[in-house]
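This is what each chain is made of:
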Amino acid sequence: MEAIECILTRRSIRKYKREPIPKEVIKELLTCAMAAPSARNEQPWHFIVITDRSLLDQIPKIHPYAQMVKEAPLAILVCGDLRLVNHEGYLVQDCSAATQNLLLAAHAQGLGAVWLGVYPREERINPFRKLFSLPENIIPVSLVAIGYPAERKEREDRYQESRVHYNFW
């Protein structure tokens, strides 16, 4: 899939077939996530690959908008490592870039995915820390539910000329 087509046709998919995702596909998704840009190339991310059905089924109890995870064969928790950051304030941006790469890679592979925000909501961060035994220096930033899509969404044109400003406001 061409890059522009991938970007313009990617949509949030919330319905999945329960078919497992092959390990080599998961590795490719993570390779793409780790190819994201990061401030001063610090790459402060870690990824928890979640395929265990009992863990996946607990996630909607933590995150009120994660009901689709009950159907997903895979979720990836994108986390930032405070020990890998020398320039404070960029960890969330870096992990967000990795999350977007993950979403695009999933779409390019014919998978459906949706981004679920975790950070900065303490009522989500702390239960995710507990469920996945995260060390204190690890911050869960986002969760991506992934699976073979059981729904199809058409491309939306979201370009808004009124939001574009050249040189000055």
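Residues numbered from 1 in each chain as written. Predicted model: local features only at pLDDT ≥ 70, side-chain atom pairs only at ≥ 80, totals over all residues. Heavy atoms only, no water.

A.B. asks: Talk me through the nonpolar core; I want residue IDs and the actual numbers.
C.D. replies: In terms of nonpolar packing, the biggest core is built from 26 residues, with Leu29, Phe47, Ile76, Leu102, Leu111 and Ile146 touching the most fellow members. Among the secondary structure elements, those contributing two or more residues to this core are helix H2 (23-33), strand S1 (45-50), strand S2 (74-81), helix H4 (91-108) and strand S4 (138-147). Looking at which element gives the most residues to this core, the answer is H4, with 7 residues. In this view, leucine 102 contacts Leu29, Ala33, Ile76, Val78, Val144 and Ile146; residues no more than four positions away in its chain are not counted. (Core = buried A, V, L, I, M, F, W, Y, C linked by side-chain atoms within 4.5 Å. Buried < 20%, exposed > 50% of the residue type's maximum accessible area, 1.4 Å probe, protein only. Helix = DSSP H or I, 4+ residues; strand = E, 2+ residues; numbered from the N terminus. Contact = heavy atoms within 4.5 Å.)

A.B. asks: Run through the pattern of salt bridges, naming residues and quoting values.
C.D. replies: What the rule picks out here adds up to 6 salt bridges. Of the charged contacts, one joins arginine 11 and glutamate 156 as a salt bridge, the two residues approaching to 3.0 Å between their closest N and O atoms. Taken together, the positions of arginine 11 in the loop between helix H1 (3-9) and H2 and glutamate 156 in the segment after S4 put the pair 145 residues apart, joining distant regions of the chain. Judged by its relative accessible area of 16%, arginine 11 falls in the buried class. With relative accessibility at 39%, the residue glutamate 156 sits in the partly exposed group. One salt bridge in this structure joins arginine 152 and glutamate 154, with 3.6 Å as the shortest N-O distance. (Salt bridge = Lys/Arg side-chain N within 4 Å of Asp/Glu carboxyl O.)

A.B. asks: Help me get a handle on a nonpolar patch on the surface, residues and values and all.
C.D. replies: The grouping of Ile4, Ile7 and Leu8 at the surface amounts to a nonpolar patch, some 290 Å² of accessible area in total. One can find isoleucine 4 in helix H1. (Patch = residues over 30% accessible without salt bridge, like charges linked within 9 Å, V, L, I, M, F, W, Y side chains within 5 Å. Areas by Shrake-Rupley, 256 points an atom, 1.4 Å probe, with all protein chains shown as cover.)

A.B. asks: Describe the packing of H2 against H4, and please don't skip the residues or the numbers.
C.D. replies: Packing of H2 against H4 leaves a shortest axis separation of 7 Å and a crossing angle of 140°. Taken together, the axes of H2 and H4 are oblique relative to one another. The hand of the H2/H4 crossing is right-handed. Across the interface between the two elements, Leu29, Cys32 and Ala33 of H2 pack against Ala98, Asn101, Leu102, Ala105 and Ala106 of H4. Among the residues making up the contact of H2 with H4, the classes are represented as 7 nonpolar, 1 polar and no charged. (Axes fitted to C-alpha atoms, helices over the stretch in contact; angles between N-to-C directions. Parallel < 35°, antiparallel > 145°, perpendicular 65-115°, else oblique. Left-handed = near helix turned anticlockwise from the far one by under 90°. Nonpolar A, V, L, I, M, F, W, Y, C, P; charged D, E, K, R; others polar.)

A.B. asks: Give a detailed account of the packing of aromatic side chains, specifying residues and quantitative values.
C.D. replies: According to the stated counting rule, one finds 1 aromatic pair in the structure shown. Taken together, a centroid distance of 6.2 Å and an interplanar angle of 10° make the contact between phenylalanine 128 and phenylalanine 132 stacked. Given a relative accessible area of 0%, phenylalanine 128 falls into the buried group. (Phe/Tyr/Trp six-rings, centres within 6.5 Å; stacked < 30°, edge-to-face > 60°.)

A.B. asks: Quick one: what's the story with the environment of tyrosine 65, residue by residue and with numbers?
C.D. replies: Following the sequence through the fold, tyrosine 65 ends up in the loop between helix H3 (53-62) and S2. A relative accessible area of 56% means that tyrosine 65 is categorised as exposed. Sequence-wise, tyrosine 65 and tyrosine 119 are 54 residues apart; in three dimensions their C-alpha atoms are separated by 14 Å. Apart from residues lying up to four places away in sequence, tyrosine 65 is in contact with Leu116 and Arg124.

A.B. asks: Break down unusual backbone geometry for me, with residues and values.
C.D. replies: In this model, tyrosine 119 is joined to proline 120 through a cis peptide bond whose omega is 10°. Its location among the elements puts proline 120 in the loop between strand S3 (112-117) and helix H5 (122-131). Residue asparagine 41 is not a glycine yet carries a positive backbone phi of 55°. By the element assignment, asparagine 41 lies in the loop between H2 and S1. Residue classification places asparagine 41 among the exposed residues on the basis of a relative accessible area of 53%. Of note, glutamine 43 is a non-glycine position whose phi angle comes to about 45°, a positive value. As for its placement among the helices and strands, glutamine 43 is situated in the loop between H2 and S1.

That's the geometry; what it means functionally is another story.
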